[in-house]
Amino acid sequence: MTKEISVALVGAGAMGGALLRGWLSAGTIDPAASAVFDPAADAALKKLARRHDFALNPSPEGISVDALVLAVKPQAAASVLPAYAAIARSALVISVMAGMSLAAIGRALGDPPRVARAMPNLPAAFGAGVTGLYAPATVNAHGRDVIDRLMAATGETVWVRSEEEIDFVTAVSGSGPAYFFLLTEALAEAGAALGLEKEAAQRLARATASGAGAMLAADPRSPADMRKAVTSPGGTTAAALGVLDGDAKALRRLMKEAAAAAAKRAAELTE
Ligand SMILES: NC(=O)c1ccc[n+]([C@@H]2O[C@H](COP(=O)([O-])OP(=O)(O)OC[C@H]3O[C@@H](n4cnc5c(N)ncnc54)[C@H](OP(=O)(O)O)[C@@H]3O)[C@@H](O)[C@H]2O)c1
């Protein structure tokens, strides 16, 4: 049987909390040997700590774990991370922070020997996440296996070839769920503008987005083939796609611009 992983998680907000819940429900981590640090822990986190018996906000002194996972806001990292330098010396450090480079993490933690980057996304909370991963050569095969097991507990994993590509992962899948949520909002607004009741339009748009997501998850056809299956020649979908994807390729152009803006911002956040 594979050994459970002991983890120290720094930051149990939206992303860190989703990962923690995924690990606990999948049995990936050993809660009794793990610790979570989040100074203003809310009632739900306190309840989770009591139920699973992991240490919540212990002194970092003397903590020894397999993996130290960093999930605070990048803007807070430089002031927060030094307190965890001693843990980082013997642990595999995994940062899920957008735009915080290996070099900057190394500086904040006193240059620990093994640091990797992971870029998960929020559907991890439902086991439906996808995480892009990068580890330099200082992380050996065992370390990569630990990283993969931790992140695969909340969805798919995709290894990339360079640290720079983590910014591109952030632009596609890290931020990506927000693009689909915005599309759902926009579709509901369009339905209401046509004359549907607002609530009916919202329910139709939301169920359509989740239905399309379920097809993407379960149907082996490519997105393009599934799009064609919805589109009757000369029909209603073709009329709509003429606007979204006609000669101007409006949506594809906009998506390229949006992803480029996200990648640029990730690079700006990088020290
Ligand atoms: N949200 C996403 O979809 C997503 C996806 C991929 C990657 N990420 C990355 O994940 C990181 C966290 O983002 P988030 O959206 O989860 O933000 P968040 O909800 O604000 O979570 C950050 C958590 O860290 C806590 N914190 C603050 N100071 C701390 C300290 N000294 N020690 C330990 N914890 C501390 C915060 O507590 P307070 O709220 O009390 O300050 C908060 O609970 C970011 O670096 C982001 O780039 C996020």
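Residues numbered from 1 in each chain as written. Predicted model: local features only at pLDDT ≥ 70, side-chain atom pairs only at ≥ 80, totals over all residues. Heavy atoms only, no water.

Chemist: Could you give an account of the overall build of the chain, with specific residues and numbers?
Modeler: Scanning the chain from terminus to terminus reveals twelve helices and eight strands. If you line up the chain on its principal axes, its C-alpha atoms span 70 × 40 × 35 Å. Burial status across the chain gives 39% buried among its 271 residues. Excluding contacts between residues fewer than 6 apart, the proportion of contacts in the chain whose partners are at least 24 apart in sequence is 60%. As displayed, the chain has an accessible area near 14,900 Å², and 60% of this comes from carbon and sulfur atoms. Measuring between centres, the 26 positive side-chain charges of the chain sit 2 Å from its 26 negative side-chain charges. (Helix = DSSP H or I, 4+ residues; strand = E, 2+ residues; numbered from the N terminus. Buried < 20%, exposed > 50% of the residue type's maximum accessible area, 1.4 Å probe, protein only. Contact = heavy atoms within 4.5 Å. Areas by Shrake-Rupley, 256 points an atom, 1.4 Å probe, with all protein chains shown as cover. Lys, Arg positive; Asp, Glu negative; His and termini not counted. Charge placed at Lys NZ, Arg CZ, Asp CG, Glu CD.)

Chemist: Can you explain the nonpolar core? Please cite residues and give values.
Modeler: Soluble globular proteins: nonpolar side chains tend toward being buried together. Counting residues in each nonpolar core, the largest one holds 33 residues, and the members touching the most others are Val-7, Leu-20, Ile-147 and Leu-150. Among the elements of the structure, β1 (7–10), α1 (14–26), α2 (43–52), β4 (67–70), β5 (92–95), β6 (115–119) and α6 (141–152) are those that each provide at least two residues to this core. Here this core takes six residues from α1, the largest share from any one element. For Val-7, the residues in contact, after removing those within four places along its chain, are Trp-23, Ile-29, Ala-33, Ser-34, Ala-35, Val-65, Ala-67, Val-69 and Leu-150. Counting 28 residues, the second-largest nonpolar core is a separate cluster that includes Ala-8, Leu-68, Ile-87 and Met-97. (Core = buried A, V, L, I, M, F, W, Y, C linked by side-chain atoms within 4.5 Å.)

Chemist: Which residues make up the site of the ligand, and what values go with them?
Modeler: Taken together, 20 residues are adjacent to the ligand, and Ala-14, Met-15, Asp-38, Val-72 and Ala-98 come closest. Contact between the ligand and Asp-38: an oxygen atom at 2.7 Å from a side-chain N or O atom of the residue. Here an oxygen atom of the ligand sits 2.9 Å away from a polar atom, N or O, in the main chain of Ala-98. The fraction of the free accessible surface of the ligand (890 Å²) that becomes covered by protein chains is 71%. Elements with a minimum of two residues in the shell around the ligand: α1 and α3 (74–80). Of the residues in the shell around the ligand, the class split is 16 nonpolar, two polar and two charged. (Near = heavy atom within 4 Å. Polar contact = N/O pair within 3.5 Å; in protein donor to acceptor, adjacent residues only side chain to side chain. Nonpolar A, V, L, I, M, F, W, Y, C, P; charged D, E, K, R; others polar.)

Chemist: Describe the pairing of β1, naming the residues involved and giving the relevant values.
Modeler: Burial along β1 is two-sided: the residues Val-7 and Leu-9 and Ala-8 and Val-10 are all buried. Here β1 runs beside β4; their pairing, made up of four bridges, is parallel. What sits directly across from Val-10, in β4, is Leu-70. Pairing between β1 and strand β2 (residues 35–37): three bridges, direction parallel. If you follow Leu-9 over to β2, its bridge partner there is Val-36. The handedness of the β1 to β2 crossover, carried by α1, is right-handed. (Pairing = 2+ DSSP bridges. Right-handed = clockwise from strand over helix to strand, strands pointing away.)

Chemist: Which residues make up the sheet that holds β5, and what are the values?
Modeler: Spatial strand order, β3-β2-β1-β4-β5-β6-β7-β8: eight strands in an open sheet with mixed pairing. Edge positions in the sheet fall to β3 (55–56) and β8 (155–159), since each has one partner strand and no second. Sheet analysis places β6 next to strand β7 (residues 129–134), joined by three bridges and oriented antiparallel. Residue pairing across strands places Arg-117 opposite Tyr-134, the latter belonging to β7.

Chemist: I'd like a description of a positive patch on the surface, backed by residues and values.
Modeler: There is a patch of like positive charges on the surface, built from Arg-21, Lys-46, Lys-47, Arg-50 and Arg-51. The element contributing the most residues to the positive patch is α2, with four residues. If you trace the backbone, Arg-50 turns up in helix α2. (Patch = residues over 30% accessible without salt bridge, like charges linked within 9 Å, V, L, I, M, F, W, Y side chains within 5 Å. Salt bridge = Lys/Arg side-chain N within 4 Å of Asp/Glu carboxyl O.)

Chemist: Could you give an account of the pairing of β5, naming the residues involved and the relevant values?
Modeler: Side chains of β5 alternate between two faces, with Leu-92 and Ile-94 and Val-93 and Ser-95 buried alike. As paired strands, β4 and β5 are joined by four bridges and run parallel to one another. For Ala-67, the partnering residue across the bridge sits in β5 and is Leu-92. Judged from the three bridges that link them, β5 and β6 form a sheet pairing that is parallel. Paired with Ser-95 across the strands is Arg-117, a residue of β6.

Chemist: Let's hear about unusual backbone geometry: which residues, and what values?
Modeler: In the Ramachandran plot, Asp-111 falls in the positive-phi region, its phi being about 50° despite a non-glycine side chain. In this fold, Asp-111 is placed in the loop between α5 (102–108) and β6. In this structure, Lys-249 is a non-glycine residue whose phi angle is positive, near 50°. The topology assignment puts Lys-249 in the loop between α11 (236–245) and α12 (250–269).

By themselves, these figures tell us nothing about what the structure is for.
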